[in-house]
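The primary structure of each chain is shown beneath.
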Amino acid sequence: MLRHTLAAACVTFGLTAAALAQNPQLVAPTDPLSPAEQREKFRLPPGFEIQLVVSEPLVGQPMNLAFDAAGRLWITSSLEYPYPVKGEGVQPRDARFGRPSEHPARDRLVVVEGIGDDGRPARTRVFADGLNIPIGVLPTPKGPLVYDIPTISLHRDRDGDGRADDERSLFDGFGNVDTHGMNNGFTRWIDGWVYACHGFRNTSKVRQLGRDGQPVVLTMNSGNTYRFKEDGSAIEQFTWGQVNPFGLTFDEYGNAYTGDCHSMPLTMLLRGAYYSSFGKPHDGLGFGPDMIDHSHGSTGICGPAYYQADHFPPDYRDNLFLCNPVTGRVHRDKLENRGSTRFVVTQPDFVTCDDPWFRPVDCQLGPDGCLYVADFYNAVIGHYEVPLTHPKRDRSRGRVWRIVYRGEDGATDPPPMPNLDKLDLDGLLRKLGDPNLVVRTLATNAVVDRASDDRTAAGTRAAVKSLLAGESTPEQRAHALWILHRVGGWNAEFAASFSRDDSLLVRTHLARVLGERKLLSGVDRRRLTQLLSDVDGFVRRAAAESLGRHPHVEHVEPLLDRLADVPTADTHLRHAVRIALRNQF
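Residues numbered from 1 in each chain as written. Predicted model: local features only at pLDDT ≥ 70, side-chain atom pairs only at ≥ 80, totals over all residues. Heavy atoms only, no water.

A closer look at the overall build of the protein
Inference 1: Assigned secondary structure in the protein consists of 13 helices and 28 strands.
Inference 2: Its C-alpha atoms give the protein a radius of gyration of 23 Å, near enough to 25 Å, the size a compact globule of 585 residues would have.
Inference 3: Counting only residues that meet the buried cut, the protein has 62% of its 585 residues in that class.
Inference 4: The long-range fraction of contacts in the protein, counting pairs at least 24 apart against all pairs at least 6 apart in sequence, stands at 63%.
Inference 5: Of the roughly 21,900 Å² of accessible surface on the protein, a fraction of 50% belongs to carbon and sulfur atoms.
Inference 6: Taking the average location of the 67 positive side-chain charges in the protein and that of its 73 negative ones, the two points are 3 Å from each other. (Helix = DSSP H or I, 4+ residues; strand = E, 2+ residues; numbered from the N terminus. Rg over C-alpha atoms; globule rule 2.2 N^0.38 Å. Buried < 20%, exposed > 50% of the residue type's maximum accessible area, 1.4 Å probe, protein only. Contact = heavy atoms within 4.5 Å. Areas by Shrake-Rupley, 256 points an atom, 1.4 Å probe, with all protein chains shown as cover. Lys, Arg positive; Asp, Glu negative; His and termini not counted. Charge placed at Lys NZ, Arg CZ, Asp CG, Glu CD.)

What follows is the structure, given as structure tokens:
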């Protein structure tokens, strides 16, 4: 049965036995190297250096990376992949590893802290073990959220010994017939939602709080994106389609991007859009528009990271870095604006390696401005390209690398890793203007997290309003808008003043904030229709998306006007307006 399934999958993916034999990258012909030996095999642009952060035996087959406000790096790591110990996807193992029932789950969540100039951490520890192919991870003040089959759960350290001793399921019912995507890319944005990807083939009938008898609140099949509240209070679909989206990142305007294979390797997501998949229909409006016109030559693409920080040289900023585990490369794609459409201008590969075991699967911009890469280090990559039982498939090795810029003369030091947990409220508000988008995002969420009761929320509102009354950067104002929205300090006066802001960044986020309001007043609606006629395409698209979330008869005429004058090149604005119009009816 497994042989027939794999054969069918090879046909589906356009792969034949002859093609596999001619592509040695799918099965590395070499033996594994030590981390020190592998490090010598990397090729990077002049001035860049790659450093080892952690490797086996602490981590084996790293999946996803995430940073917290204290500058700690959290890593999901799987020895079980691709066979879950329990679940829909259980298959017989090869002779070396026995059958799934012969041992408990061995996968883990690792945390490293105190990363120094040489990339090595001062401390490493296993925070949680006994996991079942964990992928998505997100640290929160209460503990990390982790997806492992079949739940998203909160893992807490109640006794303070540095290891999880309590687990609470937030959502369950996630499918795992296929284990090479499942639920991944957990990304907490400044709007207070956690965004995530849902992987290939699986059908999930998600139940809230994971309690028996709870109704299904969300059904997804194969590639999708969704978002949820970290306390488990809400979950909802964000986009439909794509084949196996893996990894999600945001730019400073609030645009979300995913990596995928067999649709397009990069997609800028439009809320409510349908994207091409295997034989699935669109919603009648056509598939969401593309931002790239080639596939990066691979059947497996994942783990994008958007770079906005001041550590790398200017040419590397406003770039997307993208993992290609099949060809063993990290791609670099510059972004070119065509109105509100961000189109890819592909640059020479950022990282290559002469060791064919290099399998990058996730990238993250660190709070220190460096780029972190999860290396699945394996002779075999893919889930269908090579049989799961191939004897060279490794289940013990894995590395995490850090890429720093040393300069042409090698004298440039990376910035130190910040610890936002040590800052007071004023310090966090200053960080809203940090050149590093990850720092700004962590600071925004930290401000809201600390406003946990009426007294602290009132103090937060007063401090934010004081910041806005004085001199502030566009980044501070944009992030402050979201804080006021989330802690209850919003009013129409702010919307009026920010709609006239000189910064398109601020006006774009104003439009997005209005879209997140539960109810729009008549003043709010008029504000959004004014922003729909803004001089900048990013603002117009954000306003259209927000109007689409609040149907009203007064929105139809201005949306029709915008549809009539959308520039041909701005495909994303056109599609967003069409979705918004559809939603009005």
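Notes on the pairing of strand β16 (residues 235–241)
Inference 1: Across the seven residues that make up β16, a large majority, five, are buried.
Inference 2: By the bridge criterion, five bridges tie strand β15 (residues 224–228) to β16 in an arrangement that is antiparallel. Across the sheet, the residue bridging to threonine 225 is threonine 239, located in β16.
Inference 3: Linkage of β15 to β16, two consecutive antiparallel strands, is achieved through a turn of six residues, within which glycine 232 is found at a positive phi near 80 degrees. (Pairing = 2+ DSSP bridges.)

Topic: the packing of aromatic side chains
Inference 1: In total, this model carries 28 aromatic pairs according to the counting rule given.
Inference 2: Plain terms: the ring middles of tyrosine 195 and phenylalanine 238 are 5.2 Å apart, the flat faces sit at 85 degrees to each other, and that makes the pair edge-to-face. Here phenylalanine 238 lies in strand β16 and tyrosine 195 lies in strand β12 (residues 194–198), a separation of 43 residues in the sequence. Just as tyrosine 195 is buried, phenylalanine 238 falls in that class too.
Inference 3: Considering the side-chain rings of tyrosine 253 and phenylalanine 538, the 4.5 Å spacing of their centres and the 10 degrees angle between planes classify their relative orientation as stacked. One end of the pair, tyrosine 253, is in the loop between β17 (248–250) and β18 (256–259); the other, phenylalanine 538, is in helix α11 (residues 537–548), with 285 residues separating them in the sequence. (Phe/Tyr/Trp six-rings, centres within 6.5 Å; stacked < 30°, edge-to-face > 60°.)

Re the sheet that holds strand β3 (residues 62–67)
Inference 1: Taken in spatial order, the four strands make up an open sheet running β3-β4-β5-β6, and their pairing is antiparallel. Every interior strand has two partners, whereas the edge strands, β3 and β6 (123–131), have only one. Averaged over neighbouring strand pairs, the angle between their axes works out to 20 degrees when direction is ignored. (Axes fitted to C-alpha atoms, helices over the stretch in contact; angles between N-to-C directions.)

Observations concerning the packing of α11 against helix α13 (residues 571–584)
Inference 1: Running from N to C, α11 and α13 cross one another at 20 degrees; their axes reach a closest spacing of 8 Å. Judged by the angle between their axes, α11 and α13 are roughly parallel. Crossing of α11 against α13: the hand is left-handed. Residues Arg540, Arg541, Ala544, Glu545, Leu547 and Gly548 of α11 touch α13, and the partners they reach there are His572, Leu573, Ala576, Val577, Ala580, Asn583 and Gln584.
Inference 2: Of the residues assigned to the contact of α11 with α13, the class counts are six nonpolar, four polar and three charged. (Parallel < 35°, antiparallel > 145°, perpendicular 65-115°, else oblique. Left-handed = near helix turned anticlockwise from the far one by under 90°. Nonpolar A, V, L, I, M, F, W, Y, C, P; charged D, E, K, R; others polar.)

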